Amino acid sequence: MIKVLLLTGQSNQWHNWRVSSRALEKALQSNPLFEVETLVSPSAGEDFSDFSPVWGNFDAVVMDYEGDEWPETVKQGFVDYMAQGGGLVAFHASDNAFPDWPEFNEMIGVGGWGGRDEKSGPKVRWREGEMVLDPGPGEAMHPAPFEYTLDTRAPEHPVMRGLPSSWLHAIDEQYSQLRGPAKNLTVLATAIAGPEVEGGTGEHEPMLMAIEFGKGRIFHTTLGHVGANDEETTLAMRCAGFETTLSRGLEWAATGSVTQEIPADFPSGDTVSLR
Ligand SMILES: [Zn+2]
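Residues numbered from 1 in each chain as written. Predicted model: local features only at pLDDT ≥ 70, side-chain atom pairs only at ≥ 80, totals over all residues. Heavy atoms only, no water.

Looking at an unreviewed UniProt entry, one finds the protein chain named ThuA domain-containing protein, with Pelagicoccus albus as its source organism.

1. Regarding the environment of A97
Along the chain, A97 falls in the loop between β4 (87-91) and α3 (102-108). For the pair A97 and P267, spaced 170 residues apart in sequence, the C-alpha separation works out to 30 Å. (Helix = DSSP H or I, 4+ residues; strand = E, 2+ residues; numbered from the N terminus.)

2. Some thoughts on the pattern of salt bridges
Going through the model one piece at a time under the given rule, you end up with 10 salt bridges. For E69, the salt bridge goes to K75, with nearest N and O atoms at 2.4 Å. Residue classification places E69 among the partly exposed positions, given a relative accessible area of 40%. By relative accessible area, which is 8% here, K75 ends up buried. A salt bridge links K119 to D117; the nearest nitrogen and oxygen atoms lie 3.2 Å apart. Among the charged side chains, a network of salt bridges with common partners joins K123, R127, D134 and E203. (Salt bridge = Lys/Arg side-chain N within 4 Å of Asp/Glu carboxyl O. Buried < 20%, exposed > 50% of the residue type's maximum accessible area, 1.4 Å probe, protein only.)

3. A look at the environment of R248
With respect to the element layout, R248 can be found in helix α5 (residues 240-255). Sequence separation between R248 and P158 is 90 residues; the distance between their C-alpha atoms is 8.1 Å. Ignoring any residue separated from it by four or fewer positions in sequence, one finds R248 in contact with P158, V159, M160, R161, V258, Q260, E261 and I262. A polar side-chain atom of R248 sits 2.7 Å from the main-chain carbonyl oxygen of V159. (Contact = heavy atoms within 4.5 Å. Polar contact = N/O pair within 3.5 Å; in protein donor to acceptor, adjacent residues only side chain to side chain.)

4. Considering the packing of helix α1 (residues 17-29) against α5
The axes of two packed helices give the description: the angle between them and the distance between them. Direction vectors running N to C along α1 and α5 enclose 70 degrees, while the axes themselves pass 10 Å from each other. One element, α1, and the other, α5, form an angle in the roughly perpendicular class. Residues L24, A27 and L28 of α1 form the contact with α5, whose own contacting residues are F242, E243, L246, S247 and L250. Residue classes in the contact of α1 with α5 are distributed as six nonpolar, one polar and one charged. (Axes fitted to C-alpha atoms, helices over the stretch in contact; angles between N-to-C directions. Parallel < 35°, antiparallel > 145°, perpendicular 65-115°, else oblique. Nonpolar A, V, L, I, M, F, W, Y, C, P; charged D, E, K, R; others polar.)

5. Things to note about the side chain of E243
Checked against the element boundaries, E243 lands in helix α5. Setting aside residues no more than four positions away along its own chain, E243 makes contact with A27, M237 and R275.

6. A word on the UniProt feature "domain: ThuA-like" (unreviewed entry) in the protein chain
The UniProt entry lists residues 3-253 under the feature "domain: ThuA-like" (unreviewed entry), expressed in the numbering used here. Regarding residues 3-253, the helix share stands at 20% and the strand share at 27%, and the terminal C-alpha atoms are separated by 12 Å. (UniProt positions renumbered as here; feature names shortened; annotations may be inferred.)

Okay, here's the thing in structure tokens:
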């Protein structure tokens, strides 16, 4: 069993961690590989002095958290855990968190909002078949949610092996123009907003990424928006492609390999598949 800490408890004004963390819990608990423990942080503005996750008890951490800074000792403990071979899944708006924590930005590769700009690092682009780091201007944004195609960019990576070269994701935000150190980062899948989508960048934006931090591994999925007023799991999180890549990314982050078969309901190039 892979021991997983699901860390949640705060989201920004645009999200609802209660709904998203429940959906994550349900998806991961349905997979016999994972034993999931959920830790809910103190609420915004509350005292964090009793917040002290025992990172070493877990093979990987799934982060659904965007909120107050953690105490320095907690941050340092997490950095040590990751550098020594820990695993992390950064889920959707978790890449909005901790804009001024350098090691966290290295772990997630790129992030958005919270004042991230050119000083935070380049944008990650996919142009003419390869990853390009673009230092040019632009801050994080996304078009209104739409159904978009994920294009596999690292078919031999353990997380992606056996997945279709492209598949249709259920309606979701398409995080765009994320910025960060982008060190030791592999682009696993991208998505592009066509000209019919208002507010798209016209670039192949990285949606799934793998990052190495010391001996640690990070799977970064930008998918899975749950709005502040959503009271039920969203289509984005019910997408079989979202759940499959989440579970595969988590296993890889925890162990370095992936043993899971591709499920029969994995979406095709032109049809969304919901659970
Ligand atoms: Zn969102």
